[in-house]
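Structural description and commentary
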Amino acid sequence: MIQQQTSPVADSGDYLKAFACTAVMAQTVLSLALTVPAGRALQTGIAGVYLAIKFTAPAFICGIVMTTMRVSPAHPHYGAYLRQQWSALGLPTLAWSLAYLLLLPQLQQHTSFHSLGQFGWQLINGNAAPHLWYNTMMLQIILLMPLWWALRRGWPRHHWAIVAVTAGLLLGWLAWYNGVAVPSGQAASWYGLDRVWWGFAVYAIVGIGLATSRTGWLRGYRWLGWALLGVGTWLAQYRQLRTTGSPIDLNRSSYYLPATVGYSLCVILLVVSLAKWHQAHHSRWLPVIHWLATYAYPSYLANVFWLELIWLLGGRTLMAIHPVLGIVGCYLATWCWSFAATYGLHLLGQRLKGMVRKWRQTRRTARNRSNW
């Protein structure tokens, strides 16, 4: 089931979700390109593009929280919220995780299941496919929504205190990670840190601030400052990744590097600035972005499934012939298939629900007539 929002046009959270989903599909394609010789010949360029679109998880979290803050009443009901999110997020996550484990078990990460217990562990920890680690972490953000609602209520009076505490905790977390995990060489083996909500909580709080505060300071030409800072932090990431040696390993990039955090925040502010500008000018892109955001999450879940099929049906061959065309072709096909399939499944689900509803109504009518 797709989560339908109350507004027919996009809010700022929709922009973040649509941009994040569109970018993350390219990340998967670029990672796959490095598995073939033709792609490895372009590794420096691929690494630069990969880092340029490595804002997806923070942007999606910020977008979800922004939209939730906008549509939630002053005193929301947590049980009703969880029921809605189970249909919109939980059930699609479970269905696609099972699909990857049962149909494409070769995509498992870190280890493979050989028993029922291991199967269950792969199912819940995000190892069923390369991109599902994010869902494990993001669903924790959803479960903690009462915390974010509480911070929203306290934001008007205590926003400076919230910002100060968040900044302090973030700096402490980055100092520990880059002072302990990275120098010890344990960052790769401690992959479970990526599944814990704590490392991404700052983006939920940024979403609260952007949804609750006045954002006039994002208008005008102030976006140029965020763009310049974004270029600087991207360069810092790129230089750091190049120092890890050759061949370049994209897994050595991390969301917990200071430059990556700074870059993600810059991109979030730039996307929100674009959304505000479009809203002020009643852009024709507003309903388009809203539609993309509505189907973004299930399309994201499905994208690696479709990419694997595209790769086997000719993507790998095209990549060997012309790697740039291979990357672009695989990406565009994956994006189109993911959104088209998600929309098709949604329409099929709506049709089946209508048929079930009609069948129940027919039975109810027949039962009433028999009682006469």
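Before reading further, recall that the structure is shown in the block above.
Now for a quick tour of the structure. (Residues numbered from 1 in each chain as written. Predicted model: local features only at pLDDT ≥ 70, side-chain atom pairs only at ≥ 80, totals over all residues. Heavy atoms only, no water.)

A few words on the pattern of salt bridges. As a working rule, side chains carrying opposite charge can pair if their charged atoms are close by. For the structure on display, the rule yields two salt bridges. Here aspartate 11 makes a salt bridge to arginine 70, at a shortest N to O gap of 2.5 Å. Here aspartate 11, found in the segment before helix H1 (12-33), pairs with arginine 70, found in helix H4 (residues 56-71); they are 59 residues apart in sequence, far enough to count as distant. Using a relative accessible area of 37% as the deciding quantity, one classes arginine 70 as partly exposed. For the salt bridge of lysine 17 with aspartate 14, the shortest nitrogen-to-oxygen distance reads 3.5 Å. Taken together, the positions of lysine 17 and aspartate 14, both in helix H1 and three residues apart, correspond to about one turn of that helix. We note that lysine 17, like aspartate 14, is buried. (Salt bridge = Lys/Arg side-chain N within 4 Å of Asp/Glu carboxyl O. Helix = DSSP H or I, 4+ residues; strand = E, 2+ residues; numbered from the N terminus. Buried < 20%, exposed > 50% of the residue type's maximum accessible area, 1.4 Å probe, protein only.)

Formed by 105 residues in total, the largest nonpolar core has its most connected members in Ile61, Tyr100, Tyr134, Met138, Trp148 and Phe200. At 13 residues, the largest contribution of residues to this core is made by H1. Ignoring any residue separated from it by four or fewer positions in sequence, one finds methionine 138 in contact with Phe60, Ile61, Ile64, Leu89 and Tyr297. (Core = buried A, V, L, I, M, F, W, Y, C linked by side-chain atoms within 4.5 Å. Contact = heavy atoms within 4.5 Å.)

Unlike most non-glycine residues, histidine 110 shows phi in positive territory, near 70°. Position of histidine 110 among the secondary structure elements: in the loop between helix H5 (78-103) and helix H6 (116-124). A relative accessible area of 53% places histidine 110 in the exposed class. Not every positive phi belongs to a glycine, and histidine 282 is a case in point at roughly 50°. Here histidine 282 shows up in the loop between helix H11 (258-280) and helix H12 (285-294). Overall, histidine 282 belongs to the exposed group, its relative accessible area being 68%.

Here we come to the packing of aromatic side chains. Aromatic rings considered in pairs are described by the distance between their centres and by the relative angle of their planes. Counted by the stated rule, this structure contains 29 aromatic pairs. A centroid spacing of 5.4 Å and a plane angle of 65° characterise the contact between tryptophan 96 and phenylalanine 305, whose relative ring orientation is edge-to-face. One end of the pair, tryptophan 96, is in helix H5; the other, phenylalanine 305, is in helix H13 (residues 296-321), with 209 residues separating them in the sequence. For tryptophan 96, a relative accessible area of 16% puts it in the buried group. Through successive ring pairs, a cluster of aromatic residues spans Phe60, Trp133, Tyr134, Trp173, Trp176, Tyr177, Phe200, Tyr203, Tyr255, Tyr256, Tyr297 and Tyr300. Seen from the ring of tyrosine 255, lysine 54 lies directly overhead, with NZ or CZ sitting 4.1 Å from the centre. (Phe/Tyr/Trp six-rings, centres within 6.5 Å; stacked < 30°, edge-to-face > 60°. Lys NZ or Arg CZ within 6 Å of the ring centre and 35° of its normal.)

Along the polypeptide, glutamine 122 turns up in helix H6. Residue classification places glutamine 122 among the buried residues on the basis of a relative accessible area of 1%.

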